[in-house]
Amino acid sequence: METIFGPAMRLYKYVNEDLADPRTKDFFLIGSPIPGLCLLAFYNYFVHNLGPRFMEDRKPFKLDRFMIYYNIVQIVASLYLFIEASKVWLFEYNWKCQPIDNSTDEKALNVIRLCYLYFWLKLIDLTDTIIFVLRKKFSSVSFLHVYHHTGMVMLTWSGVKWFPGGHDTWIGWLNSIVHVVMYGYYLLCVLQPQYKTSIWWKKHLTQMQMIQFLLNSIHSLQILFYPDCGYPKWLVLIIVPQNFFMFYLFYRFYINAYCDNSKAKKLE
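On a predicted model such as this, the values are computed, not experimentally measured, just so you know. (Residues numbered from 1 in each chain as written. Predicted model: local features only at pLDDT ≥ 70, side-chain atom pairs only at ≥ 80, totals over all residues. Heavy atoms only, no water.)

## With respect to the pattern of salt bridges
Stage number 1. Taken as a whole, this structure holds seven salt bridges when the rule is applied.
Stage number 2. Across the salt bridge formed by K25 and D26, the nearest N and O atoms sit 3.3 Å from each other.
Stage number 3. Judged by relative accessible area, D26 falls into the exposed class, the value being 65%.
Stage number 4. Across the pair K122 and D125 runs a salt bridge, and its minimum N-O distance is 2.9 Å. Of this pair, K122 and D125 both sit in helix α4 (residues 106–125), separated by three residues, roughly a single helical turn. Each member of the pair, K122 as well as D125, carries the same accessibility label: buried.
Stage number 5. Several salt bridges converge on common partners, so that one network encompasses K13, E17 and D18. (Salt bridge = Lys/Arg side-chain N within 4 Å of Asp/Glu carboxyl O. Buried < 20%, exposed > 50% of the residue type's maximum accessible area, 1.4 Å probe, protein only. Helix = DSSP H or I, 4+ residues; strand = E, 2+ residues; numbered from the N terminus.)

Here is the structure:
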């Protein structure tokens, strides 16, 4: 048994403990990947299987009051994160190449706290899909939607676990202001339902999200041109393909939702 499980356990300990940032190892849900993976597994099971079966013979839940409070919380939390991250990115960090500060300096610890908050916001974002299911908006539970939410939880967990700070925190900074606008629109739709049918809002929100993915890719690629940066360059192999893939998925959605059918067919 030792010959089978021994190397695997040593590899797990090396990756999960030895390589992990010691400053975040005791954070709730960060120490081990198992609770988070179980949560994501249940999330995917619920939105694809359990939830639709539960709602099959039920009327859609009216969640307007809950959605008002939920969207307000999302707006306030995302705006707070954007403002605090702006202090870092506008006055402390180097836009061209920013290594991770591995010290216990208060500035470094503050960035870690912001990364951890961002991770929690991505966990809370899973509520979006649950609301769709409980309101029987099953068409909104698309591959794009579920993949994006699942992937963001995994990526932000990894960031807090191994790389809490540095160059790629740009992604969270930019995404936070996008979410302020997005959840602001969602709140407006609950308070003023006529905006639900406004193509103008939806179209430009999608455009903003696509621009976000392109900017993330460009910003991440910069570190390849600074050999002495100190930020792990192999992360480009994860960040850039992921953002290009998300751009492609959002672009396909954009063409199918807002452009003529002839263009949409070309993407099939």
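This is not the end of the story, as more comes after the structure.
## What to know about the state of the cysteines
Stage number 1. Tallying each qualifying case throughout the model produces one disulfide.
Stage number 2. Note that C97 is cross-linked by a disulfide to C229, the S-S spacing being 1.5 Å. Every disulfide takes its handedness from the sign of the S-S torsion; for C97 and C229 that torsion is -125°, giving left-handed. In this pair, C97 is assigned in the loop between α3 (64–91) and α4 and C229 in the loop between α8 (199–221) and α9 (236–258), connecting sequence segments 132 residues apart. (Disulfide = S-S within 2.5 Å.)

## A word on the environment of F163
Stage number 1. With respect to the helices and strands, the residue F163 is situated in the loop between α6 (143–162) and α7 (169–191).
Stage number 2. In sequence terms F163 and I112 are 51 residues apart; their C-alpha atoms lie 9.1 Å from each other.
Stage number 3. Setting aside residues up to four positions removed in sequence, F163 forms contacts with I100, S158, P232, W234 and L235. (Contact = heavy atoms within 4.5 Å.)

## Thoughts on the nonpolar core
Stage number 1. By size, the foremost hydrophobic cluster in this structure holds 48 residues, and its most contacted members are V47 and F119.
Stage number 2. When residues of this core are traced back to their parent elements, those giving at least two are α2 (33–55), α3, α4, α5 (127–134), α6 and α7.
Stage number 3. Among the elements that line this core, the one with the most residues is α7, at 11 residues.
Stage number 4. Apart from the residues lying within four places of it in its own chain, the contact partners of F119 are L29, I30, V153, T156, W157 and V160.
Stage number 5. If you look at the next biggest cluster of nonpolar residues, it comprises nine residues, including M246, F250, Y254 and I255. (Core = buried A, V, L, I, M, F, W, Y, C linked by side-chain atoms within 4.5 Å.)

## Observations concerning the environment of K137
Stage number 1. Relative to the elements of secondary structure, K137 occurs in the loop between α5 and α6.
Stage number 2. Note on K137: relative accessible area 39%, which makes it partly exposed.
Stage number 3. Along the chain, K137 and P52 lie 85 residues apart, while their C-alpha atoms are 9.9 Å from each other.

## Thoughts on α6
Stage number 1. For α6, with 20 residues, the first-to-last C-alpha span of 28 Å sits near the 28 Å given by 1.5 Å per residue.
Stage number 2. Counting buried positions along α6 gives 14 out of 20 residues, so the element sits mostly inside the fold. (Expected span 1.5 Å × (residues − 1).)

## What about unusual backbone geometry?
Stage number 1. For L29, which is not glycine, the phi dihedral falls at a positive 75°.
Stage number 2. Turning to its location among the elements, L29 is positioned in the loop between α1 (2–18) and α2.

## A look at the packing of aromatic side chains
Stage number 1. Within this structure, the stated rule accounts for 26 aromatic pairs.
Stage number 2. Between W170 and W173, the ring centres sit 5.5 Å apart and the planes meet at 75°, which makes this aromatic pair edge-to-face. Taken together, the residues span about one helical turn, with W170 and W173 both in helix α7 at a distance of three residues. For the residue pair W170 and W173, the accessibility class agrees, reading buried in each case.
Stage number 3. Between Y254 and Y258, the ring centres sit 5.4 Å apart and the planes meet at 65°, which makes this aromatic pair edge-to-face. Here the residue Y254 and the residue Y258 both occupy positions in helix α9, the gap between them amounting to four residues, near one helical turn.
Stage number 4. Judged by relative accessible area, Y258 falls into the buried class, the value being 18%. (Phe/Tyr/Trp six-rings, centres within 6.5 Å; stacked < 30°, edge-to-face > 60°.)

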